[in-house]
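Here's the letter readout for the chains.
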Amino acid sequence: MTRLVLVLGDQLSPDVAALRAADKSADIVVMAEVMEEGSYVPHHPKKIALILSAMRHFAEDLRADGWQVLYSRLDDADNAGSIPGELLRRAEETGASEVLATRPGEWRLIEALDAMPVPVHMHEDDRFVCSHKEFDAWAEGRKELRMEYFYREMRRKTGLMMDGDKPAGGKWNYDHDNRKPAQADMLRSQPMQFTPDDITEEVLDLVGDRFGGNFGTLRPFRFAVTRGQARRALDHFAKELLAGFGDYQDAMLRDDRFLHHSVLSPYLNIGLLSPLEICERVEREWRAGNVPINAAEGYIRQVIGWREYMRGIYFREGPEYPRRNALNHQRGLPDLYWGGETGMECLKRAVEQTRDEAYAHHIQRLMVTGNFALLAGINPTVLHEWYLSVYADAFEWVEAPNTVGMSQFADGGIVGSKPYVSSGNYIDRMSDYCGACAYSVKAKTGEGACPFNLLYWHFLTRHRDRFARNPRMAQMYRTWDRMDADKRDTILAEAEGFLDRLGRGEAV
Ligand code: FAD
Ligand code: SF4
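Residues numbered from 1 in each chain as written. Chains lettered and ligands numbered in written order. Predicted model: local features only at pLDDT ≥ 70, side-chain atom pairs only at ≥ 80, totals over all residues.

- The name given to the protein chain in an unreviewed UniProt entry is Deoxyribodipyrimidine photolyase-related protein, with the source organism recorded as Lutimaribacter saemankumensis.

What follows is the structure, given as structure tokens:
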């Protein structure tokens, strides 16, 4: 009996669970480019091109490996337009009566497959360090789900950066060494780039044709689209950039979009690389004495700590998680997030690079676009759809807990124990944006005062009931309370004026 083996666009790993469960001599792999997946949010054209090109290359690899593959292109005349639709069409065509699938990373697709009229055998996606069962067992009975404790479990489980049962170097976490601002450096290496081959060129034409109106620049397109290329990108990062990863992890520079970041998340999230192979490589560099411990530990923490933790939260919290709005923020997304005019240099730069690269690094996402949205009270669901659209690495299982949880506190404090908010001072300390800004970061009120300075206090004031008793925020409220009453009134009135202009759609 023939079975169909579904391989989705973010499941491009030769050892993915459904392929392992299948019989190469009898079962048929189904891969499908479908409009529904291309348009459930207005994805960045580079993100769509990355996924489609990597899918086409992966299908070729599977065929070369002896698999029979039925591949549907987006522009095929009989393309049914959705994953379930394509599976049913292929089932009819081949007489197959069962589907093997690897559990998708998104509730939307899990529900669509569950509702199929043919039996779908869903295998757990085990390309992660932590299974759902393990995460739930860790979370069970805990009052707070703090990432740090989860991370230590993952260190023990994998043995990464461990000396026996002790953390290598004697400490679990070297984060306090990782907050240095960066200097411009013309000689700093950049993440590895790749010239598109014929397959990618064909995809770029198709994407330009179908999705050219979406926010984002399609060309030049320089992403890796095969496992071989992604491994070269990892090698390059490990040799050239990893050493400075820790020190400059939180830094931002106007003319350096990547600094020491790896830009490996797009490859990791579609399956071209595995989390363990990346972390093992990073640890080897440290053990060989090529990189400092704060770089290696810091990097490994992001991958087996934050990345696995976010996935655990997404699946534990259920399908409604992306729509949570604990702070009841209702403002629409300002036009500046889609490239509209703004005098705020930090936001302008973060959005510009998002448009060009389908990439911004963590601190830009958290402390610039995320921080501003939280301070301005933007609806977290709308913001979630923006992040899900504009980044090449954006898949709901990892994007939603980062946006709704970490960045917007919209889950009420599951991911974070306090909201990530800051005034302009933090951005000034960690970047060179403020020197080129139309606003003054030093001005706390009055003409040209940095909007982050005004909105920061506005946020704390409007959420006083919720946060004043939080021990990690009490100091901020004390500072506010000690301020001269007139000054407080001025700050709040100017913040209101700014929010009114934002609400009217004026350029700010
Ligand atoms: P590096 O800085 O080189 O970090 C190394 C790796 O660690 C990354 O490749 C990534 O796999 C992992 N990592 C680091 N931080 C996180 C984190 N907080 N959560 C999960 N993995 C992490 N990451 C995504 O992969 N997809 C998303 O859609 C996404 N959306 C985000 C939205 C917001 C609002 C915020 C604040 C963060 C988001 N992140 C997301 C996390 C993080 O910003 C990206 O993983 C990182 O910027 C990817 O770039 P990089 O590969 O150069 O990372
Ligand atoms: Fe951003 Fe304020 Fe600095 Fe301008 S002054 S770049 S708005 S933090």
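Text resumes after the structure shown.
1. What to know about the packing of helix α6 (residues 132-139) against helix α12 (residues 293-317)
- Remark: α6 packs on α12, axes separated minimally by 10 Å, with the N-to-C direction vectors making an angle of 85 degrees. Taken together, the axis directions place α6 and α12 in an arrangement best described as roughly perpendicular. Together, His132, Phe135, Asp136 and Ala139 of α6 and Gly312, Phe315 and Arg316 of α12 make up the contact between the two elements. (Axes fitted to C-alpha atoms, helices over the stretch in contact; angles between N-to-C directions. Helix = DSSP H or I, 4+ residues; strand = E, 2+ residues; numbered from the N terminus. Parallel < 35°, antiparallel > 145°, perpendicular 65-115°, else oblique. Contact = placed C-beta atoms within 7 Å.)

2. Some remarks on the site of ligand 1
- In the vicinity of ligand 1 there are 28 residues, among which His261, Ser262, Ser265, Gln302 and Glu399 approach most closely.
- Those elements that provide at least two residues to the shell around ligand 1 are α10 (265-270), α12, α14 (362-376) and α16 (396-407).
- Per-class residue counts for the shell around ligand 1 are 13 nonpolar, eleven polar and four charged.
- Residues from two domains meet in the shell around ligand 1; each of domain 2 (132-317) and domain 3 (335-503) gives at least three. (Near = placed C-beta within 6 Å. Nonpolar A, V, L, I, M, F, W, Y, C, P; charged D, E, K, R; others polar. Domains from an automatic or database assignment.)

3. Details of the domain arrangement of the protein chain
- Domain annotation for the protein chain reports domain 1 (3-123), domain 2 (132-317) and domain 3 (335-503).
- Look at where the C-alpha atoms of domain 1 and domain 3 centre, and you get two points 39 Å apart.
- In this complex, domain 1 contributes ten residues to the contact, which on the side of domain 3 involves eleven residues.
- Classifying every residue of the side of domain 1 that touches domain 3 by side-chain character gives three nonpolar, three polar and four charged.

4. Section: the sheet that holds strand β4 (residues 98-102)
- With parallel pairing, five strands are arranged side by side in an open sheet as β3-β2-β1-β4-β5. Looking at the sheet topology across the chains shown, the edges are occupied by β3 (68-72) and β5 (120-123). Averaged over neighbouring strand pairs, the angle between their axes works out to 25 degrees when direction is ignored.
- For strand β2 (residues 28-32) and β3, the ladder comprises five bridges, and the chain directions are parallel. Among the inter-strand pairings, valine 29 is bridged to a residue of β3, identified as valine 69.
- Sheet strands in contact with helix α4 (residues 83-94) are β1 (3-6), β2, β3 and β4, and its direction is about 145 degrees off that of β2. (Pairing = 2+ DSSP bridges.)

5. Remarks on the site of ligand 2
- Taken together, 14 residues lie near ligand 2, and Cys346, Gly424, Cys434, Cys437 and Cys450 sit nearest.
- For the shell around ligand 2, the secondary-structure elements that each account for two or more residues are α13 (345-357), α17 (424-430) and α18 (451-462).
- Split by residue class, the shell around ligand 2 holds eleven nonpolar, one polar and two charged.

6. Looking at the environment of leucine 234
- By the element assignment, leucine 234 lies in helix α9 (residues 227-241).
- Residues leucine 234 and methionine 192, 42 residues apart in the sequence, show an inter-C-alpha distance of 8.6 Å.
- For leucine 234, the residues in contact, after removing those within four places along its chain, are Leu264, Leu273, Ile278 and Arg281.

7. Brief notes about the packing of helix α7 (residues 147-158) against α12
- In contact at an axis separation of 9 Å, α7 and α12 are set at 120 degrees when each is read in the N-to-C sense. In terms of orientation, α7 lies oblique with respect to α12. Here α7 and α12 pass one another in a crossing that is right-handed. Contacts from Met147, Phe150, Tyr151, Met154 and Thr158 in α7 reach Arg301, Ile304, Gly305, Trp306, Glu308 and Tyr309 in α12.
- The class makeup of the residues in the contact of α7 with α12 is seven nonpolar, two polar and two charged. (Left-handed = near helix turned anticlockwise from the far one by under 90°.)

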